[in-house]
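Residue-level listing of the chains:
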Amino acid sequence: MLARLVHTVFWYCCDFMVNLGNLTHTSYNEANTWVLLLLIPGLLALLIGVRVAQWFRLRQLRRR
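Q: Looking at this model, I keep getting lost on the overall build of the protein. Mind explaining?
A: The number of helices and strands found in the protein is two helices and zero strands. For the protein, the C-alpha radius of gyration of 19 Å lies well beyond 11 Å, the compact-globule estimate for 64 residues. Burial statistics for the protein: of 64 residues in total, 9% are counted as buried. By element, 70% of the accessible surface of the protein is carried by carbon and sulfur atoms, the whole surface being about 6000 Å².

This is the structure in C-alpha cells:
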C-alpha cells in the first residue's frame, strides 16, 4: 500500500516537472535544477526569515 502511494506521488512529481519544462521551453533537468536547487531553498529561507521577524515582533510586544 505504501509502496504504491510512493510510486504514484513520484510519478505525479516527475510528470509535473516534465510539464513545467515543456511550458518554460527548458529540459526536465533544467526544471529540476530551478525547482530543487533554487526555488525550494529560497522559499524555505523566506519562511524562516518571516518566522524570525515574527518572533522579534512578538518579543517586542510582550515587553510593553
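Q: Hey, could you run me through the packing of aromatic side chains in this one?
A: According to the stated counting rule, one finds two aromatic pairs in the structure shown. Summarising the aromatic geometry, the rings of tryptophan 11 and tyrosine 12 are spaced 5.1 Å apart at their centres and angled 80° between planes, so their arrangement reads as edge-to-face. Tyrosine 12 gets classed as exposed once you look at its relative accessible area, which sits at 53%. Centre to centre, the rings of tryptophan 55 and phenylalanine 56 are 5.0 Å apart; their planes meet at 65°, and the pair counts as edge-to-face. Classification of tryptophan 55 by relative accessible area gives partly exposed; the value is 42%. On the basis of relative accessible area, phenylalanine 56 is assigned to the partly exposed category, the value being 46%.

Q: Could you clarify how one ought to interpret unusual backbone geometry in this entry?
A: It is generally the case that most residues other than glycine have a negative phi and that most peptide bonds are trans. In this model, histidine 25 sits at a positive phi of 55°, which is unusual for a non-glycine residue. Topologically, histidine 25 is positioned in the loop between helix H1 (2–23) and helix H2 (28–63).

Q: What should I look at first to understand the side chain of asparagine 32 in this one?
A: Position of asparagine 32 relative to the elements: it lies in helix H2. Residue classification places asparagine 32 among the buried residues on the basis of a relative accessible area of 17%. Discounting residues that sit within four places of it in the chain, asparagine 32 has contacts with Met17 and Leu37.

Calculation criteria
- Residues numbered from 1 in each chain as written.
- Predicted model: local features only at pLDDT ≥ 70, side-chain atom pairs only at ≥ 80, totals over all residues.
- Heavy atoms only, no water.
- Helix = DSSP H or I, 4+ residues; strand = E, 2+ residues; numbered from the N terminus.
- Rg over C-alpha atoms; globule rule 2.2 N^0.38 Å.
- Buried < 20%, exposed > 50% of the residue type's maximum accessible area, 1.4 Å probe, protein only.
- Areas by Shrake-Rupley, 256 points an atom, 1.4 Å probe, with all protein chains shown as cover.
- Phe/Tyr/Trp six-rings, centres within 6.5 Å; stacked < 30°, edge-to-face > 60°.
- Contact = heavy atoms within 4.5 Å.

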